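# Residue-level structural notes
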Amino acid sequence: MGAKQTDFDIELAQINSRIAELEGDALQLPVDRTKITKLAYLQYQRASLTGNLAELDIAERTLDEAIQHLGPDGDLYFLKANIHFKLHRLADVQRDLEASPDLSQSPPGRALKADLDFQQGRYDAARSEYETLIEEERTWDTLARLAYFNFKMGDFETADRLYDEAVDELTAKEMRHYSWVELQRGVVDLSRGNYAQTREHYQRAERAYSGHWMVEEHLAELLGAEGKNDEAEAMYRRVVARVPRPDFQQALGELYLSMGKTSDANDVLEKAHAAFLESAQRGEVHYYHHLADLYADVFENGPEAVKWAQKDLELRRNFSTLAAMAWAYYRAGEFSKALEMMNESLASGVKDARLFRCAGMIHKALSPNGTADRYLQMAAAINPNYENFHVHR
Amino acid sequence: MADHNDPNAVNSIFSDIAISAADLYDFFGFPSADTDGGEKVVLALTFASIPSTGVFDTDMLYRMQISGDPRVAGPGDDENTLKGLLRYFDALKEKYLGPTTKASEIRVTFDQSQRATVKFIGFPGGSFSTVVDTNQVRSIQTPDGYSIKAYIGGRDDAFFNDLTGFFRSINYAPQFYHVPHTMTGSRELKIPKTLIELEGNHLFNRDPNDPDWGYHGKKRELPPGPLTWNGDKFARDANGNFRFVYDGRDCQAGININAIILEIPLRFITTAPERDRIVNCWGESWVLKAADKIETIPDHPFWLEHPWALIDAIKLDDELKKYKLVDTDGQPFADAALSEREDNRQLGANNFWLAPHFIKRLAHLGWGFGPSITALGLQTSFDHDNSPVSVHKTYSLVTAAFPRVKKTLFQRLNMPDDSWNPKGLDIPLRRPFEIFVPNVCAIDMDTTGTWPYGRRLEDQVATRFLSMFLDHTAELNGKKYHIELLNDQSLWDSAPIEPKTVPNPKKNDKEFLTDFPYLAEPWQ
């Protein structure tokens, strides 16, 4: 008798089965709108579920075919915009949203535009649109978006309340969504060093929707933060075996480094490094951030870190890319530029222990005027364990 | 990979929106012919047969709320004013939502073995719970010695109507076209509503070469260009006949539903059945919240930590707090026709705050249906200034809409004969505003329970709904207009219209049963 199927297995099998049913004739001419839209959606869903980003290309090809025959349909462009958003192709997201006036005026289109505003550092616009959308209709995903916004701005109480409300909107028919929200709540607690609460959220996520690699990946980070390195390693290895993505290899490599396993670390980090570069050579942009981090934190190669952080910054100027740029300059020994970037990042209003830690380090390199200590204290106030293992999300 | 929040990664985006077990279809209620041992009332809540006919979703909770009340006269004819109407709605609000009022209720949930747990809460004889088999007629013995008949299972859909015809009449695009979900403003298109086709309304007029368009899921691509109509008259054929938007087909033929059907002694509902002659009732569907699906969570943190967040919900008991209200059902067409199909307006009995919206929506419909009725040579209750053709008009002010619909709202709807009132009692004819607000099925136990004194299975409620727009003070062949007039074949035989059919089928596709559970056996 085989092992009990997980929720993940069951859903993936259903998606595969439905794709197999459609693949035969959804692309036949004349194109059937319902079938081809469903096929593209399922392909997108499979890519999201499996974490296999290459499959997003398949979904996008289906969408392009559909748009060619059906014209600028808002639903098709919405799906396309989501793919581009996932891949950090933010200019394309903007174009997708503008391709269909119906889409840009619809609530999902407006929510995605607000996400875009957030990614591009237009924080007031993002917050305002999230709040307007919630006023119009309280949907779990918009509540979760605003919760994340508040989390990043350091209003943990409001974030928690909004996540509560998001959860309250979710029904037994949306357990995967519920699981995802629980993971986000765990991330909030982890960012504050509340490991027990983080574990509760992650365990609840697993109970809600069993077998998802995303839960294991989050749990692995928690174990690493707690110093349970052997368990973390085992879990990361499982995740990498299931989803051989370079960002997870990077996380495993950095865990190895923290464990003093230099040889193992070099092995997986080189693989991650090579994959990140191959992706960039293909013209993809979604791993720029990881390249900047890898060069800055692991290889301690300032100029290369600056190069990749700059590329990312050109795509989206937000607190995160500014902080990455600042940190890259720090590694390159260009402390004044680092401070300039860091100040712009901090001006966003974001309150994050690791951001404050970077600010402290940059100030420390510049002058002994006490500002560094203040930032390090602010970091510790948010998360006393801010130096512990963490991944780059 | 992502260094950002990404709910879309897990959101279902726009996959096809599947039919849900939470989709309520109809609420039927009428006095039982079986009066052995006292009067009984039959209640039937029907809903989508998901996951399948006779098989129930274990995440669902279905609820019937029931209140036995005296028959009271609404505001008098001298109060036929907007102010009087709103005052009446306020009084009703107090009755249904006030601190001292609470309806009794029946809740039904299902376990993995498909047995139904039925809870009776707040009845005069107390509250109790029992477990019954599904798809079988069962007798439930109450603590105070009554016997309730119950059938919870799959049946044939008892609703029979030309739903496509109705959607054609209101230019509801998703019935005829693939309308992207992002085109939220392109559902009811800005074209006059009408009972007869508009000349040049190519977006919705019947295509003789494609008679099934709009039926059985047959849709077209939404054409480019403005989705409007610029004509100025009704369409006529070579013989000068109008073209009906309906053709009388039964769109529900061959379709099954799941149902909760109960036959309840009136004395179980009220201790004063001689006084409480009206049984007000409505149905609700609730779906289990995600957090409560995980049994090991002792308490939902939301309620513990943020009790102020949803004040109304605090009134709920521990069981209902675990569920989310999805749909309500009391009166037919209360949501579909009078609330522009906006899901968040499906408030069931608690639709008082929609009263101004109800008046404005009725005026909007009146500008469509009123001129079509006039064109057919009939008298309408709606004041359309003798418009020769239907008009697309919406209102932002209830004060502007009210004078147009005053007669429609306040006229007493005539019945075709006296059979509805077998005891010959002095029961006032019901008026539209009393019927639709609150959104409950108000069963008058001294009548047959035919709509609007309840709802019997054989009632053609879709056609009766349209009769609201007829002038019930007018006469045809020496007889006052009545709620069955549009269901009279002889009317259409002599009308300048094609096809010469009643709007909706006259009977169900399967014969109803003469005994409990009354709804026909499901289709295999």
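In this text, all values refer to a predicted model and were calculated from it rather than measured experimentally. The residue count restarts for each chain, going from 1 along the sequence in the order it is written. Naming scheme: in the order in which they are written, chains are lettered from A and ligands are numbered from 1. In view of the model being predicted, local features appear only for residues whose pLDDT reaches at least 70, and side-chain atom pairs are presented and counted only at 80 or more, with totals across whole chains, interfaces and linings using the full set of residues.

This part takes up the overall build of chain A. Helix and strand assignments come from DSSP, with helices taken as H or I runs of at least 4 residues and strands as E runs of at least 2, each series counted from the N terminus. Helix and strand content of chain A: 22 helices and zero strands. Every radius of gyration here is taken over C-alpha atoms, with the globule rule written as 2.2 Å times N^0.38, N being the number of residues. In terms of overall size, chain A behaves like a compact globule, its C-alpha atoms giving a radius of gyration of 21 Å where 393 residues would be expected to give roughly 21 Å. In terms of overall dimensions, chain A has a C-alpha envelope of 70 × 55 × 45 Å along the principal axes. Every C-beta atom is placed from the backbone, and the number of other C-beta atoms within 10 Å of a residue's own sets its class: buried at 20 or more, exposed at 12 or fewer, partly exposed in between. Counting every position in chain A, which comprises 393 residues, the buried fraction comes to 53%. Here the contact rule is simple: place C-beta atoms from the backbone, and any two residues whose C-beta atoms are within 7 Å are in contact. In chain A, of all internal contacts separated by at least 6 residues, the share reaching a separation of at least 24 is 48%.

Before going further, it helps to spend a moment on the overall build of chain B. Looking only at helices and strands, chain B has 12 helices and 20 strands in total. Considering chain B as a whole, with its 524 residues, one finds that 47% of them fall into the buried category. A fraction of 70% describes how many contacts in chain B between residues 6 or more apart in sequence connect residues 24 or more apart.

Let us now look at the domain arrangement of chain A. When its domains are assigned, chain A resolves into domain 1 (1-111) and domain 2 (223-284). Domains are outlined according to an automatic or database domain assignment. Centre-to-centre, using C-alpha coordinates, domain 1 of chain A lies 29 Å away from domain 2 of chain A.

This part is about the packing of helix 18 (residues 302-315) of chain A against helix 19 (residues 319-331) of chain A. Describing two packed helices takes the angle between their axes plus the distance from one axis to the other. All names here are of chain A. Between helix 18 and helix 19, the least distance of the axes is 8 Å, while the angle of their chain directions is 160°. The angle between helix 18 and helix 19 falls in the class roughly antiparallel. For the pair helix 18 and helix 19, the crossing hand works out as left-handed. From helix 18, Gly302, Ala305, Val306, Ala309, Gln310, Asp312 and Leu313 reach across to helix 19, where they touch Thr321, Leu322, Ala324, Met325, Ala328, Tyr329 and Arg331. Each residue gets one of three labels, nonpolar for Ala, Val, Leu, Ile, Met, Phe, Trp, Tyr, Cys and Pro, charged for Asp, Glu, Lys and Arg, and polar for the others, Gly among them. For the contact of helix 18 with helix 19, the per-class residue count stands at nine nonpolar, three polar and two charged. Here an axis means a line fitted to C-alpha atoms, over the contact stretch when the element is a helix, while the angle between two N-to-C directions is reported on a 0 to 180 degree scale. Every angle not falling under 35 degrees, over 145, or within 65 to 115 is termed oblique; those three ranges are roughly parallel, roughly antiparallel and roughly perpendicular. By definition, any crossing whose near helix is turned counterclockwise from its far helix by less than a right angle is left-handed, and any crossing with a clockwise turn is right-handed.

What follows concerns the environment of B:Asp111. All names here are of chain B. Among the secondary structure elements, Asp111 is positioned in the loop between strand 6 (104-110) and strand 7 (115-123). Classification of Asp111 by C-beta neighbours within 10 Å gives exposed; the count is 11. Sequence separation of Asp111 and Val131 is 20 residues, and the distance between their C-alpha atoms is 9.8 Å.

One can expect most non-glycine residues to show negative phi and most peptide bonds to be in trans. Here the bond from A:Leu29 into A:Pro30 is cis, since omega is -10°, no more than 30 degrees from zero. Cis peptide bonds are those with omega within 30 degrees of zero, and the linkage from B:Phe516 to B:Pro517 qualifies with 10°. Topologically, B:Pro517 is positioned in the segment after strand 20 (497-498). Phi is positive for B:Asn171, which is not a glycine, with a value near 55°. Looking at the secondary structure, you find B:Asn171 in the loop between helix 2 (163-169) and strand 11 (177-178). Exposure remark for B:Asn171: the 26 C-beta atoms within 10 Å place this residue in the buried category. Positive phi outside glycine occurs at B:His216, with the angle close to 50°. By the secondary structure assignment, B:His216 is in the loop between strand 11 and strand 12 (220-221).

For the rest of this paragraph, the subject is the environment of B:Val131. Relative to the helices and strands, B:Val131 is located in strand 8 (residues 126-133). Note: C-alpha distance between B:Val131 and B:Val108 (23 residues apart in sequence) is 9.4 Å.

This brings us to the nonpolar core. Defined on buried residues, the nonpolar core groups Ala, Val, Leu, Ile, Met, Phe, Trp, Tyr and Cys residues joined through C-beta atoms within 7 Å. Among the nonpolar cores identified, the biggest contains 251 residues, and A:Ala326 and A:Ala328 are the most heavily contacted of them. Discounting chain neighbours no more than four positions away, the residues touching A:Ala326 are A:Ala338, A:Met341, A:Met342, A:Ser345, A:Cys358 and A:Ile362.

Residues and elements named next belong to chain B. Looking at chain B, the domain boundaries give domain 1 (24-74 + 99-159 + 254-351), domain 2 (163-245) and domain 3 (354-495). Each side of the interface is counted separately: domain 1 has 33 residues, and domain 3 has 28 residues. Contributing elements (two or more residues each) for the side of domain 1 that touches domain 3: strand 1 (24-31) and strand 15 (278-288). Broken down by class, the residue content of the side of domain 1 that touches domain 3 amounts to 19 nonpolar, nine polar and five charged.

Okay, the sheet that holds strand 2 (residues 40-48) of chain B next. All names here are of chain B. One bridge is not enough; two strands pair if DSSP finds at least two bridges between them. An order of 1-2-14-10-9 is seen for the five strands of this open sheet, with the pairing classed as antiparallel. With partners counted over all chains shown, the strands left at the sheet margins are strand 1 and strand 9 (137-141), one partner each. Strand-to-strand twist of the sheet, defined as the mean angle between neighbouring strand axes without regard to direction, takes the value 15°.

Next up on the list: the pairing of strand 16 (residues 323-329) of chain B. Side-chain direction in a regular strand flips from residue to residue, so the side chains alternate between the two faces of the sheet. All names here are of chain B. Burial of strand 16 is extensive: six of the seven residues sit out of reach of the surface. Pairing of strand 15 with strand 16, which is carried by six bridges, proceeds in the antiparallel orientation. Across the sheet, residue Leu288 finds its bridge partner in strand 16, namely Tyr323.

Okay, the pairing of strand 9 of chain B next. Residues and elements named next belong to chain B. Looking at chain direction, strand 9 and strand 10 (residues 147-156) are connected through five bridges and run antiparallel. Bridge assignment links Gln141 to a residue of strand 10, and that residue is Ser147. In textbook terms, the turn of a hairpin is the stretch between consecutive antiparallel strands, and for strand 9 and strand 10 this stretch comprises five residues, one of which, Gly145, has a positive phi near 90°.

Looking now at helix 2 (residues 33-50) of chain A. Multiplying one less than the number of residues by 1.5 Å gives the expected span of a helix. Here helix 2 of chain A is 18 residues long and its end C-alpha atoms lie 26 Å apart, about the 26 Å a rise of 1.5 Å per residue gives. A:Gly51 sits one or two residues past helix 2 of chain A and shows a positive phi near 75°.

Attention shifts here to the environment of A:Phe151. Of note, A:Phe151 is situated in helix 9 (residues 140-152). A C-alpha to C-alpha distance of 29 Å links A:Phe151 and A:Tyr256, two positions 105 residues apart in sequence.

Residues and elements named next belong to chain A. Helix length check: helix 16 (residues 262-281) (20 residues) gives 28 Å between terminal C-alpha atoms against 28 Å at 1.5 Å per residue, within 8%. Regarding helix 16, the residues found buried are Val268, Leu269, Ala272, His273, Phe276 and Ser279. Mapping the buried residues of helix 16 onto a view down its axis gives an arc of 145°, with all of them on the same face. Exposed positions of helix 16 whose direction lies more than 90 degrees from the buried face are Ser263, Glu270, Ala274, Glu278 and Gln281. In this structure, the buried residues of helix 16 make contact with helix 15 (246-259) and helix 17 (288-298). Gly283 occupies a position one or two residues after helix 16 and carries a positive phi of about 90°. Our arc is simply the arc of the directions from the helix axis toward the C-beta atoms.

Residue and element names in this part refer to chain A. Between helix 17 and helix 18, whose axes approach to 8 Å, the crossing angle comes to 160°. What the angle tells us is that helix 17 and helix 18 run roughly antiparallel. The two elements helix 17 and helix 18 meet at a crossing, and its hand is left-handed. Contacts from Tyr288, His289, Leu291, Ala292, Tyr295 and Ala296 of helix 17 reach helix 18 at Glu304, Ala305, Trp308, Ala309, Lys311 and Asp312. Its residues assigned to classes, the contact of helix 17 with helix 18 comprises eight nonpolar, one polar and three charged.

Residues and elements named next belong to chain B. pLDDT gives the predictor's per-residue confidence on a scale running from 0 to 100. Summing up the model confidence of chain B, the mean pLDDT is 87 and the portion of residues at 70 or higher is 86%. Scored below 50 in pLDDT, residues 9-16 shows 19 contacts in the model against residues more than four places distant or in partner chains. Confidence drops under pLDDT 50 across residues 340-347; counting only partners more than four residues distant or on other chains, this segment forms 13 contacts.

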